[in-house]
Amino acid sequence: MSSLLAAARFGDIASRNRIVMAPMTRDRAGPEDEPTELMAEYYRQRAGAGLIVTEGTQPSPDGKGYWRTPGIHSEAQVEGWRRIAEAVHAEGAAIVMQLMHCGRASVQANKAATAETVAPSALRSAAKIPGPDGVPQEPDVPRALATDEIAHVIGEYVEAALNARRAGLDGAELHCASGYLPMQFLSSNSNLRTDRYGGSVENRIRFVVETLAAMAKAIGPARVGFRICPGHQINGMNDADPEETYTTLLRAIEPMGLAYLHLIHLPLAAFNPLALVRANWTGPIILNNSLSFEEADRLVAEGEVDAVSFGRHFVSNPDLVERYRKAHPLAKLNRETLYTGLGDDRTGYTDYPAFSG
Ligand SMILES: Cc1cc2nc3c(=O)[nH]c(=O)nc-3n(C[C@H](O)[C@H](O)[C@H](O)COP(=O)(O)O)c2cc1C
């Protein structure tokens, strides 16, 4: 097995291997939603990856949905991310920031009192979101964005992408998956708008297309990626025809020349998401979800995808690429400590050791 160790390119972003660290929210930012020194250590430990996609990072106070997630809209946050980018680059990996605006998947107590919960339509999600104490709560009832406010939200993503570049990261990934704001626009059950951002599939894809185009204009298309999970009924998503939605979306995005598409692949009865992507997208593909090394190696060796991303394996195996290279066994994940840990508490975060025989 070695196909995962060959170098790759995602647009302008060079990666020394095809093993990507998937974005993972860990709820460990500081009091001003700024990345901490401990976060820099966490990412540095995992920089055997060719490319790291950061945890979901809010482009604005309104975009925050969970407790203690980092932002990229203040100078303190830019400085914190700069230290992370430096630490990761020193180890030879590339790093892109995942921009995550949670939209309606949000609990007010998790964010600033002055921040608002906004979405395409004023529909509360049925899926609960953990509050500051970790206990799942009913999410907020969002306020529907007015048509003339949408350009402002897109502008927040643009500023965030520019800030990520200013902090020294290699690019930005638009989080269009998992039931957050962009997917709330895409999905027919969460977008009941009657303006040009809702209704027909051409209207429902408009927010994502305009946001990616604006980010591409700001930092260059070859430094912009995006993440999708067609057909996934997560966080209350239930699109009437995901096959049509994502086919139309990818055909609109394809000409932009973006860096990569990051697919969370879920086997569905109705259609095969990877086959849909391959039929409508010719750029680099990063595949994710519950992959084993064997499957990942085969998919890359056969040219089905360009790279793979691992989430949970990277939590408990900071040296995941070394373990792959040397066929060492993998350490088990402790689910209890995924989102815990205050201040300097390293437990379940930076205290997973490298393999020592
Ligand atoms: C603790 C945790 C946090 C996650 N946070 C994010 C996130 O911020 N953004 C995102 O796109 N996916 C997030 N995910 C999903 C992962 O990126 C990935 O899709 C998922 O874990 C499946 O991949 P795996 O089987 O390799 O773990 C998260 C997953 C976990 C386990």
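> When you look at the side chain of Asn235 in this model, what are you seeing that I'm missing?
Along the polypeptide, Asn235 turns up in the loop between strand S11 (224-228) and helix H7 (242-253). In contact with Asn235, other than residues within four places in its own chain, are Tyr66, Arg104, Ala105, Ser125, Ala127, Ile129, Ser178, Gly179 and Tyr180.

> Explain the packing of aromatic side chains here, please?
The geometry of an aromatic ring pair is captured by the separation of the ring centres together with the interplanar angle, meaning the angle of the planes. A complete count under the given rule lists 11 aromatic pairs for this structure. When the ring of Phe226 is compared with that of Trp281, the centres are 5.4 Å apart and the planes differ by 80°; the resulting orientation is edge-to-face. Taken as a pair, Phe226 in strand S11 and Trp281 in the loop between helix H8 (273-280) and strand S13 (285-288) lie far apart in primary sequence, 55 residues in all. You'll find Phe226 and Trp281 in the same group, each marked buried. Among the aromatic side chains, those forming a connected cluster through ring pairs are Tyr42, Tyr43, Trp81 and Tyr349.

> Which parts of the structure should I look at to understand the site of the ligand?
Thr25, Arg227, Asn288, Ser290 and Arg312 are the nearest of the 16 residues found near the ligand. Take Thr25: an N or O atom from its side chain is 2.6 Å from an oxygen atom of the ligand. In this structure, a nitrogen atom belonging to the ligand sits 2.8 Å away from a side-chain N or O atom of Gln98. Its free accessible area being 610 Å², the ligand has 88% of it covered by the protein chains. Residue composition of the shell around the ligand, grouped by class: six nonpolar, eight polar and two charged.

Rules used in this analysis
- Residues numbered from 1 in each chain as written.
- Predicted model: local features only at pLDDT ≥ 70, side-chain atom pairs only at ≥ 80, totals over all residues.
- Heavy atoms only, no water.
- Helix = DSSP H or I, 4+ residues; strand = E, 2+ residues; numbered from the N terminus.
- Contact = heavy atoms within 4.5 Å.
- Phe/Tyr/Trp six-rings, centres within 6.5 Å; stacked < 30°, edge-to-face > 60°.
- Buried < 20%, exposed > 50% of the residue type's maximum accessible area, 1.4 Å probe, protein only.
- Near = heavy atom within 4 Å.
- Polar contact = N/O pair within 3.5 Å; in protein donor to acceptor, adjacent residues only side chain to side chain.
- Areas by Shrake-Rupley, 256 points an atom, 1.4 Å probe, with all protein chains shown as cover.
- Nonpolar A, V, L, I, M, F, W, Y, C, P; charged D, E, K, R; others polar.

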